[in-house]
Amino acid sequence: MEINTNFTENAKNDFHLVMKARQGDQKAYADLMVRYKDSIYFMILKMVNNKEDAMDLMVETFAKAFEKLDKYQPDYAFSTWLFRVATNNCIDFIRKKKLNTMSIHGMLDEEGEEKPLQIKADTLNPEETSIKKQQTKELKQLIEGLPLRYRNLITLRYFDELSYEEIAQQLDLPLGTVKAQLFRARYLLGNIINRYNRDDI
């Protein structure tokens, strides 16, 4: 794969790191993340205006980018491609969030009469409850494949729904360590889920 001759020095360095990462070099992954995590985070924060959502989306962006690294083509700088992954991830998140919220104002019918507001109940019907239980059970089984420290972090964050700060306090770890290890945990879990899905095909 040939490097774009118009690349800046930074873009050339990124390209070499991407090549190493594709060969499984963990340090190359880490270097790319360290290089871009702050700028990706602040771009996402501007879009979603919520620090915790921005942190989750930043982690997801890197997980998706690293998962699709073999699809990256060096016609553009890696940073351009990465920011596009982040932007698309945010747009999907915002679209899903809008689907789950409904304005209680301006609910008028065709004649201009006010319509009774119908809010979807939070309670699931028996079939949905059964499916959700099954999915949760399967996810917990997949999480069992993670090393203990990552398993604990995933459980605290996504099942106990603790904030990053609460996890740091509970485990007596620096906040940065919690965020970095959660990123690694999600990346490993993503790999396990991908293998699980491939086995099912």
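Computed from a prediction, not measured in an experiment: that's the story for all the values here.

Enquirer: Describe in detail the overall build of the chain, supporting the description with residues and values.
Expert: The helix and strand tally for the chain stands at eight helices and zero strands. Counting helices and strands in the order they occur from the N terminus, the chain gives α-α-α-α-α-α-α-α. Evaluated residue by residue, the chain yields a buried proportion of 33% over its 201 residues. Long-range contacts, defined here as pairs at least 24 residues apart, represent 57% of the contacts in the chain between residues at least 6 apart.

Enquirer: Summarise the layout of surface pockets; cite the residues concerned and give the values.
Expert: Size it by volume and the second largest pocket reaches roughly 390 Å³. Residue lining of the second largest pocket: 19 residues in total, with M33, K37, K179, A180 and F183 positioned closest to the centre. Mapped onto the lining of the second largest pocket, the elements with two or more residues apiece are α2 (26-48), α3 (51-67) and α8 (175-200). Looking at the lining of the second largest pocket, the element that brings in the most residues is α2, giving nine residues. In terms of residue class, the lining of the second largest pocket is made up of 13 nonpolar, two polar and four charged.

Enquirer: Summarise the packing of helix α6 (residues 148-159) against helix α7 (residues 164-171); cite the residues concerned and give the values.
Expert: Relative placement of two packed helices is described by the angle separating their axes and the distance separating the axes. Running from N to C, α6 and α7 point in directions that differ by 140 degrees, and their axes come no closer than 10 Å. The angle between the axes of α6 and α7 places the two elements in the oblique class. Here the hand of the crossing between α6 and α7 comes out right-handed. Contacts from L153, L156 and R157 in α6 reach Y164, I167, Q170 and L171 in α7.

Procedures and definitions
Residues numbered from 1 in each chain as written. Predicted model: local features only at pLDDT ≥ 70, side-chain atom pairs only at ≥ 80, totals over all residues. Heavy atoms only, no water. Helix = DSSP H or I, 4+ residues; strand = E, 2+ residues; numbered from the N terminus. Buried < 20%, exposed > 50% of the residue type's maximum accessible area, 1.4 Å probe, protein only. Contact = heavy atoms within 4.5 Å. 1 Å grid on protein atoms, 1.4 Å probe; cavity = no way out; pocket = protein on both sides within 12 Å on 5 of 7 lines; lining within 4 Å. Points joined across faces, edges and corners; volume = space filled by probe spheres on them. Nonpolar A, V, L, I, M, F, W, Y, C, P; charged D, E, K, R; others polar. Axes fitted to C-alpha atoms, helices over the stretch in contact; angles between N-to-C directions. Parallel < 35°, antiparallel > 145°, perpendicular 65-115°, else oblique. Left-handed = near helix turned anticlockwise from the far one by under 90°.

Geometric descriptors of this kind do not, in isolation, establish any biological role.
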